[in-house]
Structures are given as C-alpha cells and as structure tokens.
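Fold and geometry: a report
So the chains spell out like this:
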Amino acid sequence: HTDRAAAALDVRVGSGSDPEERLGLAHLLEHMLFLGTEQYPEAGEYQAFIQQHGGSDNAYTMPDHTNYYFDIQPQYLRDALERFSQFFVAPLLNPSFVERERSVVHAEFSAKLQSDGRRYLAARRQAFDTRHPESSFAVGDENTLADREGDLVREDLVDFYEARYRAESMTLVVLGRESTNLLRDWVEELFEGVPAGQVIAPQTEVPIYAAGTLPLLQKINPVKEIRQAVFSFAIPSALDEYAEKPLSYIASLLGD
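My aim in this report is to walk through the structure given alongside it, one point at a time. Since the model is a prediction, treat every value here as computed from it, not as a measurement.

**Brief notes about a nonpolar patch on the surface**
On the surface, F231, F233, I235, L247, I250 and L254 cluster together to form a nonpolar patch covering roughly 750 Å² of accessible area. Inspection of the secondary structure assignment puts L247 in helix α8 (residues 246-255).

Below, the structure written as structure tokens:
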C-alpha cells in the first residue's frame, strides 16, 4: 500500500579506494553514471523520467561505499528500474561529459572552501592515520582529476568501474506495491547484466588515529563567528552490533 515506490543500490567502494594519484575518482564516477547508458544514451533522460513522474533521485560517495537511489510514483517503478539498472550494466562514461563533470566536482569543492563545516572536517583529517579511508581528499578537484600526458582521467574511470563495480560488491533494495515475487522477477530480469567477477579486497581496517596520536587538541580558526567545542572518541567498529545499536544508546544517555 505504499504511496511511493523507491530503490537504492549501494556499492561497497568509495573515496577511500581512490588511487593516490587520482583523488576524487570515485566521486567523479558517481557523477558520470547519470550521463547516459547504452540503452538510454541521452544524458538527462533518467533524471527527466524520474521528475516527470513525481519522483526524485540522487547519489553520494562516502569513504567506504557509494549509494544511488530514487523514488517515484508506484506505477512507474519498473520503467525507472530499467533505466536505473543500466548504470551498473552498460554506462557510456561519455568522454564529451568528463571535462564538464570534472568542472562540476571542482565547483563543489571550491564552493565549500569557506564552509566552517568543511574546514572542520579538513582539520580533523590532518590528524588521521594516512592509511585510513577517512583521511583522503574525497571530493577531488581540477588538479587531481586532470588529464595528464599518457594518463587520461576517463581511462582511469573505466578501469576503476571495471575493477570495482561488480555484482559481488553491490546491495540492492526495491520498494513497491507489487508482490515480492514480481519485484524479484523484475530485479533478476533487469540486473542480470551487472558484471560478476572477483572484487578487489577492501583495505584492511586500521585505527582512525595512529598509535601515539591521542590525546590531541586541535584549534580551528572559523570563518564565521562560531564558538564550539567538539569531543571525539576513537572506538572500535560497531557494525557487527548494528541491530542492537549500542552507540545510539550511549549517545542518548549522554544527550539526556
């Protein structure tokens, strides 16, 4: 009885897997997947279809995963899924759009240079262990994503996509009015073309702060008139206790 249909696909690779010489590559790839596929080559077709039928769409790149999602009026779910699935089956990664999207990525970075939130995160990263995914320059800019002699950024995009965007590293969720059996049939039909294959193993987990770094005091000079204290505690991963959410209990107690 849902009044909205929706889908989200998560890829277990993000900015923490960027090559050292190509910081921001995962972010640029996220942008490029929206710009045409073999079945739907027109760059804006997917987003136009979603918007024409009362929906919205977006994506985001994190250090350890990248997420793509949309919602739409329920009767158009299958058609939207067909377009969406092609991101992960046969994207064009059209060379004519690489320069444009590189400029968009650079603009995103430049627009936040005077953002105190971004400045705070940048200062924190200076103290992180350089081996940790959170320490990298995730956004990218015109320098890290520039074409170089014998090294075009599109070639690096293709290599990254072919090595990382494999069925074994993806999780898909679909919500609709249809029966579970029918939704499963659609998924099997539309996503069967997603390439399978060995996925590059994720980086071995390391502590976010190197040994001997803590305790640490950082002082950040804000752009706006801000007075704020932030206390951070480095703790082991709680992913294995996801269902119990122990960190939420601690946060609730401290915040009460």
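**A look at helix α6 (residues 153-164)**
The first and last C-alpha atoms of α6 sit 16 Å apart over 12 residues, in line with the 16 Å expected at 1.5 Å per residue. Turning to α6, its buried residues number three or more, namely V153, D156, L157, V158, F160, Y161 and R164. Those residues of α6 that are buried are in contact with β1 (5-11), α1 (25-32) and α4 (95-111).

**Structural notes on the sheet that holds β1**
Hydrogen bonding along the main chain pairs the strands of a sheet, whether they run parallel or antiparallel. The sheet built from four strands is open, its strands ordered β2-β3-β1-β4 with antiparallel pairing. Pairing within the sheet leaves two strands with one partner each, and these edge strands are β2 (56-61) and β4 (170-175). The average angle at which neighbouring strand axes cross in this sheet is 5°, direction not considered. Across six bridges, the pairing between β1 and β4 is antiparallel. Its bridge partner being in β4, A6 is matched across the sheet by L175.

**Things to note about empty space enclosed by the protein**
Here the structure, examined in full by the defined rule, presents one cavity of 30 Å³ or more. Approximately 50 Å³ is the volume found for the largest cavity. As for the largest cavity, its lining consists of L33, F34, G36, T37, Y40, E42, E45, Y46, R83 and F87. Grouping the constituent residues of the lining of the largest cavity by class yields five nonpolar, two polar and three charged.

**Focus: the pattern of salt bridges**
For side chains bearing opposite charge, pairing can occur when the charged atoms are close. Across all of its chains, the model carries 12 salt bridges by this definition. As a salt-bridge pair, R22 and D156 come within 2.7 Å of each other at their nearest N and O atoms. You can see R22 sitting in the loop between β1 and α1 and its partner D156 sitting in helix α6, a full 134 residues away along the chain. With a relative accessible area of 17%, D156 lands in the buried category. Shared partners join several salt bridges into a network, and the residues in it are R22, R148, D151 and D156.

The rules we used
Residues numbered from 1 in each chain as written. Predicted model: local features only at pLDDT ≥ 70, side-chain atom pairs only at ≥ 80, totals over all residues. Heavy atoms only, no water. Patch = residues over 30% accessible without salt bridge, like charges linked within 9 Å, V, L, I, M, F, W, Y side chains within 5 Å. Areas by Shrake-Rupley, 256 points an atom, 1.4 Å probe, with all protein chains shown as cover. Salt bridge = Lys/Arg side-chain N within 4 Å of Asp/Glu carboxyl O. Helix = DSSP H or I, 4+ residues; strand = E, 2+ residues; numbered from the N terminus. Expected span 1.5 Å × (residues − 1). Buried < 20%, exposed > 50% of the residue type's maximum accessible area, 1.4 Å probe, protein only. Contact = heavy atoms within 4.5 Å. Pairing = 2+ DSSP bridges. Axes fitted to C-alpha atoms, helices over the stretch in contact; angles between N-to-C directions. 1 Å grid on protein atoms, 1.4 Å probe; cavity = no way out; pocket = protein on both sides within 12 Å on 5 of 7 lines; lining within 4 Å. Points joined across faces, edges and corners; volume = space filled by probe spheres on them. Nonpolar A, V, L, I, M, F, W, Y, C, P; charged D, E, K, R; others polar.

None of the figures reported here should be taken as evidence of function without further support.
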